[in-house]
Structure formats: C-alpha cells, structure tokens
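# Observations on the model geometry
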Amino acid sequence: MIREICKDEVFLAQKAEPATPDDLPIAADLLETLERHRDGCVGMAANMIGESKRIIVFDNEGEYMVMFNPQIIKKSDPYDAEEGCLSLAGTRPARRWKSIKVRWQNEKFQERLKTFTGWTAQIIQHEIDHCEGVII
C-alpha cells in the first residue's frame, strides 16, 4: 500500500525501534511508496511513512533492496555532500563516507554483511540517519 510521506519533524527526530518479522508488511508498504516516488527519490526509511521501525529501502544500482535493522560498522573516506529528502523541504549539507560496511537483516531476518561504496553508500547513510532520528 502506498503511504503518505511523513513531514512531522518531531516524529522524524525520534530514534526508531528495532524491526521484527511482524514488520514485514511495513517493508512492503515502504517499497511500494518508494516505487511510487521513484522519479524523485532513491531511498526511504520507515519513519518517512509514519512507522518508527529500523527498516530502509533503496535503489541498489537499479534494483530495490530492503534492510532490517541496518548498522554501519565501518566507514572510510569522508566527504561533504548536499542532500534532499521527501520528508523535508530543500536541501541540507551532510557529512558522508565513500565506503561503508553495513550489517543488517534480510527479509528472512538472516544477518548480512556487505561493503557499499559511492552513491549507494550515500543513500544508505541518509536512510540510516532517519533510523537514528537524525534530521539532515
């Protein structure tokens, strides 16, 4: 189900709760909502649709990917970026890392570990900031 985009900064500033298998429907809604906004959006976190759960979805080089409970465990090569967000007006400066190693759970809640670089790494960092309640 396509959901409305949450623009409530008080809600967005709250740290998200860990996701569980009961939250699979939220991930499905998040994917549908991202697909609906694909022309102007490359990633979303669950709080952007009003759900305070650690779930992100994003464009991973042309294919959508879902992460439950993502955590950056290693980062390297910092740089400054400017980012926009469907939940917030305008663009904002952000400090990002060219390479990140992420631990997360897939849709079967199996743990995964992978290094992401470049644009995909930047998208993931933005969405994990949402999970942490960081308003960019």
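In short, a report on the structure. (Residues numbered from 1 in each chain as written. Predicted model: local features only at pLDDT ≥ 70, side-chain atom pairs only at ≥ 80, totals over all residues. Heavy atoms only, no water.)

### Observations regarding the overall build of the protein chain
Defined as follows: Helix and strand definitions follow DSSP, with helices as H or I runs of at least four residues and strands as E runs of at least two, each counted in order from the N terminus. Atoms considered for the radius of gyration are the C-alpha atoms alone. The globule rule reads 2.2 Å times the number of residues to the power 0.38. The rule is simple: take the accessible area with a 1.4 Å probe, protein chains only, and divide by the maximum for that residue type; under 20% is buried, over 50% is exposed, in between is partly exposed. The contact definition used throughout considers only heavy atoms, calling two residues in contact when any of these lie within 4.5 Å. In this tally, Lys and Arg are treated as positive and Asp and Glu as negative; His is ignored, and so are the chain termini. Just so you know, the charge point we use is NZ for Lys, CZ for Arg, CG for Asp and CD for Glu.
Broken down by element type, the protein chain carries three helices and five strands. Taking 136 residues into account, the globule formula puts the C-alpha radius of gyration at 14 Å, and the protein chain, at 14 Å, falls close to it. When its C-alpha atoms are laid out on the principal axes, the protein chain stretches across 35 × 35 × 30 Å. Counting across all 136 residues of the protein chain, residues that qualify as buried make up 46%. Partitioning the contacts of the protein chain with sequence separation of at least 6, the portion at a separation of at least 24 is 63%. The centroid of the 18 positive side-chain charges in the protein chain is displaced by 6 Å from the centroid of its 23 negative side-chain charges.

### A few points about helix α2 (residues 24–36)
For an α-helix the count is 3.6 residues per turn, leaving residues at separations of three or four pointing the same way. What counts is decided by this rule: By definition here, a helix of n residues has an expected span of 1.5 Å times n minus one. Throughout, the arc means the angular range of directions from the helix axis out to the C-beta atoms.
Between the first and last C-alpha of α2 there are 19 Å, a value that for 13 residues agrees with the 18 Å anticipated at 1.5 Å per step. For α2, the set of buried residues is I26, A27, D29, L30, T33 and L34. Each buried residue of α2 sits inside an arc of 160° when the element is viewed along its axis, so together they form one side. Of the exposed residues in α2, the ones pointing more than 90 degrees away from its buried face are P25 and R36. Next to the buried residues of α2 lie β1 (43–45), β2 (55–60) and β3 (63–85).

### Some details on the pairing of β3
Spelled out, the test is: Whether two strands pair comes down to DSSP finding at least two bridges between them.
The pairing of β2 with β3 spans six bridges and is classified as antiparallel. Opposite F58, over in β3, you have M65 as the bridge partner. In textbook terms, the turn of a hairpin is the stretch between consecutive antiparallel strands, and for β2 and β3 this stretch comprises two residues, one of which, E61, has a positive phi near 55°. Bridge analysis of β3 against strand β4 (residues 88–105) gives 14 bridges, and the strand direction is antiparallel. Across the sheet, the residue bridging to K74 is K101, located in β4. Between the end of β3 and the start of β4, which pair antiparallel, lie two residues.

### Some remarks on the side chain of N69
Mapping N69 onto the fold places it in strand β3. According to the relative accessible area criterion, N69 is buried, its value standing at 15%. In this structure N69 touches P18, A19, R54, R103, W104, Q105 and F109, once residues within four positions along its chain are discounted.

### Focus: the pattern of salt bridges
Selection rule: Each salt bridge in this description consists of a side-chain nitrogen of Lys or Arg and a carboxyl oxygen of Asp or Glu lying within 4 Å of one another.
Taken as a whole and assessed by the stated rule, the structure comprises eight salt bridges. A salt bridge links E132 to K15; the shortest N-O distance between them is 3.4 Å. On the criterion of sequence distance, the pair formed by E132 in the segment after α3 (118–131) and K15 in the loop between α1 (9–12) and α2 is long-range, its members being 117 residues apart. Overall, K15 belongs to the exposed group, its relative accessible area being 54%. The salt bridge involving D23 is made with K53; its shortest N-O contact spans 3.4 Å. Placement of the pair is D23 in the loop between α1 and α2 and K53 in the loop between β1 and β2, with a sequence separation of 30 residues. Given the relative accessible area of 7%, D23 is considered buried. Among the residues examined, K53 registers a relative accessible area of 21% and is labelled partly exposed. By sharing partners, the salt bridges in this structure join R3, D29 and E51 into a single network.

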